[in-house]
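Residues per chain are reported as follows:
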Amino acid sequence: MNDNEKIKNLENEIQELKNIIEILAKDAKFSPVKAETTPDVVPPYNIEDSPNNSTNMVNENGEIIDVPYTSYDPEEFDIENGLLHEYLGESEEVTIPYGVTKIGNCAFQNNRTIKKINLPETVKEIGKKAFSECNNLVEVNISGNDIIIGTEAFSSCCSLEKINIDNIKEIYNRAFRYCSNLKRLRLSENTELIGEGAFSCCNNLRISIPETCKYYAWAFNGCKSVIIREVTEK
């Protein structure tokens, strides 16, 4: 076999390998679109196909269960194992897919389009700077319990007017700093910790907190008023 024949055979082998790779790549693709509706109760079953279509959570009995995601567009949401890494869409109102457990660090940072965000009950943590500098964000709806809000999670959201924080467990440092449009908040007895400067420079805010809540220096620096109320034993 001469050199030309060897080269020709090698080119044929390379082309065959390329064809195999293309076939494998097509077979590996799957759609993360699953459950058609958000269940009222966590279903006692695992969804089929790839394990990336569900995430583990602990139910009220301490059991680890699989929770399916609601339908979502992978070109809008970068989600892996319950963590929303990044939002890639351009909608004014965004509903996080059911099954996401954490909003990742900087996931929406500096997004100038979003005006309203809806978080499902599966979300337990909002990461550092997750929504910071979202200047047009007006409303945040939180459905879950014992939520942790990370450092500077909503910092400099200057248009933010409404956020329900009845079920917030911990609010970390500077989480709502420079949210100058917040006017009234009443933290529930579920809130255990408020970090340093958490509500600093919220110049129009009147806030009420339970006496059982631990808070750090400058947590309310610049707020209009702070009321520390007694907690009635149940």
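None of the values given here were measured: they were computed from a predicted structure.

Participant: I would appreciate a short explanation of the overall build of the protein in the present structure.
Facilitator: For the protein, the count of helices and strands is 1 helix and 17 strands. Split into buried and exposed, the 234 residues of the protein put 39% on the buried side. When the accessible area of the protein is evaluated, it comes to approximately 13,600 Å², of which 45% is carbon and sulfur surface.

Participant: I tried to follow the environment of Tyr216 on my own but got confused; where do I start?
Facilitator: Its location among the elements puts Tyr216 in the loop between β16 (214–215) and β17 (225–229). By relative accessible area, Tyr216 is classed as partly exposed at 40%. Spatially, the C-alpha atom of Tyr216 lies 6.5 Å from that of Ile194, the residues being 22 residues apart in sequence. Filtering out sequence-adjacent residues up to four positions away, Tyr216 remains in contact with Leu193, Ile194, Gly195 and Glu196.

Participant: Help me understand the environment of Ser156, please; the structure alone is not making it clear to me.
Facilitator: Looking at where Ser156 falls in the secondary structure, it is placed in the loop between β10 (147–149) and β11 (162–163). Given a relative accessible area of 22%, Ser156 falls into the partly exposed group. Separated by 45 residues in the primary sequence, Ser156 and Cys201 place their C-alpha atoms 9.6 Å from one another. For Ser156, the contacting residues outside a window of four places in its chain are Glu133, Cys134, Asn135, Arg177 and Tyr178.

Participant: What exactly am I supposed to notice about a positive patch on the surface here?
Facilitator: A surface patch of like charges, here positive, comprises Lys183, Arg184, Arg206 and Lys224. As for its placement among the helices and strands, Arg206 is situated in strand β15 (residues 206–210). Given the relative accessible area of 36%, Arg206 is considered partly exposed.

Participant: Quick question: what am I supposed to make of a nonpolar patch on the surface here?
Facilitator: A cluster of nonpolar side chains, contributed by Tyr215, Val226 and Ile228, occupies part of the molecular surface with about 250 Å² of accessible area. Relative to the assigned elements, Ile228 resides in strand β17.

Participant: Even after reading the chapter, I still don't get the sheet that holds strand β12 (residues 168–171), so can you show me in this structure?
Facilitator: Across the sheet, 8 strands lie side by side as β3-β4-β6-β8-β10-β12-β14-β16; this open sheet has mixed pairing. At either end of the open sheet lies a strand with only one pairing partner, and these are β3 (77–80) and β16. Relative to strand β6 (residues 102–103), strand β4 (residues 83–87) runs parallel, the two sharing 2 bridges. Within β6, the position partnered with Leu84 by the bridge is Ile103.

Participant: Please explain the side chain of Thr191 as it appears in this structure.
Facilitator: Residue position: Thr191 is located in the loop between β13 (184–186) and β14 (193–194). A polar contact is formed between the side chain of Thr191 and the backbone oxygen of Ile168, at a distance of 3.0 Å. Dropping the residues within four chain positions of it, Thr191 is found in contact with Ile165, Ile168, Lys169, Pro210 and Cys213.

Criteria and cut-off values
- Residues numbered from 1 in each chain as written.
- Predicted model: local features only at pLDDT ≥ 70, side-chain atom pairs only at ≥ 80, totals over all residues.
- Heavy atoms only, no water.
- Helix = DSSP H or I, 4+ residues; strand = E, 2+ residues; numbered from the N terminus.
- Buried < 20%, exposed > 50% of the residue type's maximum accessible area, 1.4 Å probe, protein only.
- Areas by Shrake-Rupley, 256 points an atom, 1.4 Å probe, with all protein chains shown as cover.
- Contact = heavy atoms within 4.5 Å.
- Patch = residues over 30% accessible without salt bridge, like charges linked within 9 Å, V, L, I, M, F, W, Y side chains within 5 Å.
- Salt bridge = Lys/Arg side-chain N within 4 Å of Asp/Glu carboxyl O.
- Lys, Arg positive; Asp, Glu negative; His and termini not counted.
- Charge placed at Lys NZ, Arg CZ, Asp CG, Glu CD.
- Pairing = 2+ DSSP bridges.
- Polar contact = N/O pair within 3.5 Å; in protein donor to acceptor, adjacent residues only side chain to side chain.

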